[in-house]
Structure formats: structure tokens, C-alpha cells
Amino acid sequence: MAIIVRLDRMLADRKMQLSELAEKVGISIVNLSNLKTGKVKAIRFSTLNRICRHLNCQPADILEYTPSDDDDDDDDA
Amino acid sequence: MELAQNRIKRISQVMYYLSVVLYILGIAVLILATLFFAIQFFLPDDLFAAKQEHFGITIDNVIYFSMNTDGMNSPVNLKPLLQIALPFALVLLAFFVVGVKQVMEILKSVARDNPFDESNSGRLYRVGRILLIASVVVSAGRVVVYNQIIGMMKLSDVRTNFSVNVTLLLTGLLVLILAGVFKYGSYLKSEYDATV
């Protein structure tokens, strides 16, 4: 997957814990942890909206696109 | 929506317990029938002699008539009939036990609010294949047994006709289609679960 989630960087910048953000955003710590480690397949705009609001950042601060050679697994979607 | 889901959950729980009872009964009958099939070869023919003067015969449980045993070897020995019928019965019992086990697991997953469990499509494929095979085995078994009865009664100009059990065939095909639907549902669920 070429989309990299930089949530850990933003949490460190804002000096916020994952559990605190999970509570504010309204999703479970497990799901937020999966998002942070790039294990999710998709994110809803509503979730991204809440994350950006509570971290006071832009979506580009959290999501980064880095093309890779083995980026063919999304072509079937 | 929640009320409907709770109702489905309750119904599936009740059906799950019923299927557990059927499964246990099925295994018990299968074991007993297998033991009896193995033992009957060593039992004397006298035990299988039917000494009635009349036999009741039914066609598809719709027409009943009584035939007397004049002209038959008296007493009638039912052992050859059992030796023909029991293998078919054992195969069908085995299908029944396997099929009920699959249904049991499906109902358990539905009762746990997880109807689109990944394994359920495989279970439905198995049930569908069992029904397709049974549509042939049931009909073949009936023809073989009825031919044996016709021979025992020394009936002339009586024939049997083989035809696939259409009800089982169509049900099996429908279940196979349902398995495909559940496979897609399982894929959609995994996509949904992987979305935050």
C-alpha cells in the first residue's frame, strides 16, 4: 500500500496519547491503532474529519502517498 | 432494525439447539445402524422371517393397499431386503449428519451476530453438494429396494422407473447460489471491518 499514515507523527507533535484521541474521535483504540500502523483498508471522511479537527491539522499532515514498486494489489478494487 | 435482528438471533438460537439434538440423534442412529448392518450377516435367517399373511404397501404415502402372501415363499425372509436397503440408508444417514453439522455451525454464527463468517459460505457449499448427490442416491435407493420387493413378491409385469429427486436437486442448486451470496457478503463484511 503506497498510502502511509503519519498519525504517530501528529500525535507526538500535539503531545497526545492514542487513547485520548480515540476517545475524542469516538472510535476504539484497536481501530485507531490499526489506522496508525496502516492495517486498515479504508477510512471514512467522517472519521478523517474528526481526527483532523481534534489534532488541528490537514489530511495531508496525516496521509502521505509514496509510490512503491509492488503497488499492484489495489488495481482489482 | 434492531428488533428484527434480535428476533432473528432468538430464532437462530432455538434452531441451533434443535439442530444439536438432531445431530446427536443422527450420530446415534448412524452408529446403531452400522452396527446392525455388520451384525446381521451373522444372525440366523429365522430372525428376519415375516410370518404375516398380509403385507401393507404404500405408494408415496398416498395410496395404501394390502397384499396377501399367497404365492410367496412363506414365511417371507426380509434379510435380503435389509441387506439391500441398509447401505443406502447408511449413506443417507451420513449425509444427514454431515449436513446437520454444517447447519448447526451456521446457526451458531448467526446467533453470535456473525452471519457472514468466512466459513459459512464453505458450509453452504457442502450442504448444496450433499443435496445434489442425495437427489440421485435417494431415487436410486428407492428403485433398488422396490425392485427387491417386486422380486420377493414374484410380481410379473411390474417395473420401476428411475428419476432424480427434483425437489432435492433444486434445493441443492439454490443452496449453492446462496453459498455464493454468502461468500460475497463475507467479502463485503471484511471490507467494512477494515474501514475506520
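See the structure shown above.
Procedures and definitions
- Residues numbered from 1 in each chain as written.
- Chains lettered and ligands numbered in written order.
- Predicted model: local features only at pLDDT ≥ 70, side-chain atom pairs only at ≥ 80, totals over all residues.
- Heavy atoms only, no water.
- Patch = residues over 30% accessible without salt bridge, like charges linked within 9 Å, V, L, I, M, F, W, Y side chains within 5 Å.
- Areas by Shrake-Rupley, 256 points an atom, 1.4 Å probe, with all protein chains shown as cover.
- Salt bridge = Lys/Arg side-chain N within 4 Å of Asp/Glu carboxyl O.
- Helix = DSSP H or I, 4+ residues; strand = E, 2+ residues; numbered from the N terminus.
- Buried < 20%, exposed > 50% of the residue type's maximum accessible area, 1.4 Å probe, protein only.
- Contact = heavy atoms within 4.5 Å.

## Here's the deal with a nonpolar patch on the surface
Residues and elements named next belong to chain B.
And step 1. Together, Val 136, Phe 162, Val 164, Val 166, Leu 169, Leu 170 and Leu 173 make up an exposed nonpolar region whose accessible area comes to about 550 Å².
And step 2. For the nonpolar patch, the leading source of residues is helix α4 (residues 166-193), giving 4 residues.
And step 3. Its location among the elements puts Leu 170 in helix α4.
And step 4. Judged by its relative accessible area of 47%, Leu 170 falls in the partly exposed class.

## Comments concerning unusual backbone geometry
Residues and elements named next belong to chain A.
And step 1. Unlike most non-glycine residues, Asn 56 shows phi in positive territory, near 55°.
And step 2. The topology assignment puts Asn 56 in the loop between α4 (45-55) and α5 (59-62).
And step 3. Given the relative accessible area of 62%, Asn 56 is considered exposed.

## Overview of the side chain of B:Ser186
And step 1. Within the element layout of this structure, B:Ser186 appears in helix α4.
And step 2. Excluding anything up to four places from it in sequence, B:Ser186 contacts B:Phe116, B:Asp117 and B:Glu118.

## Comments concerning the pattern of salt bridges
Residues and elements named next belong to chain B.
And step 1. Going through the model one piece at a time under the given rule, you end up with 8 salt bridges over all chains.
And step 2. A salt bridge links Lys 101 to Glu 105; its shortest N-O distance comes to 3.3 Å. You can see Lys 101 and its partner Glu 105 sitting in helix α2 (residues 79-111), 4 residues apart, about one turn around the helix.
And step 3. Exposure remark for Lys 101: the relative accessible area of 28% places this residue in the partly exposed category.
And step 4. With a shortest N-O distance of 3.7 Å, Lys 108 and Glu 105 are connected by a salt bridge. One end of the pair is Lys 108 and the other is Glu 105, both in helix α2 and 3 residues apart, which spans about a single turn.
And step 5. Judged by its relative accessible area of 25%, Lys 108 is partly exposed.

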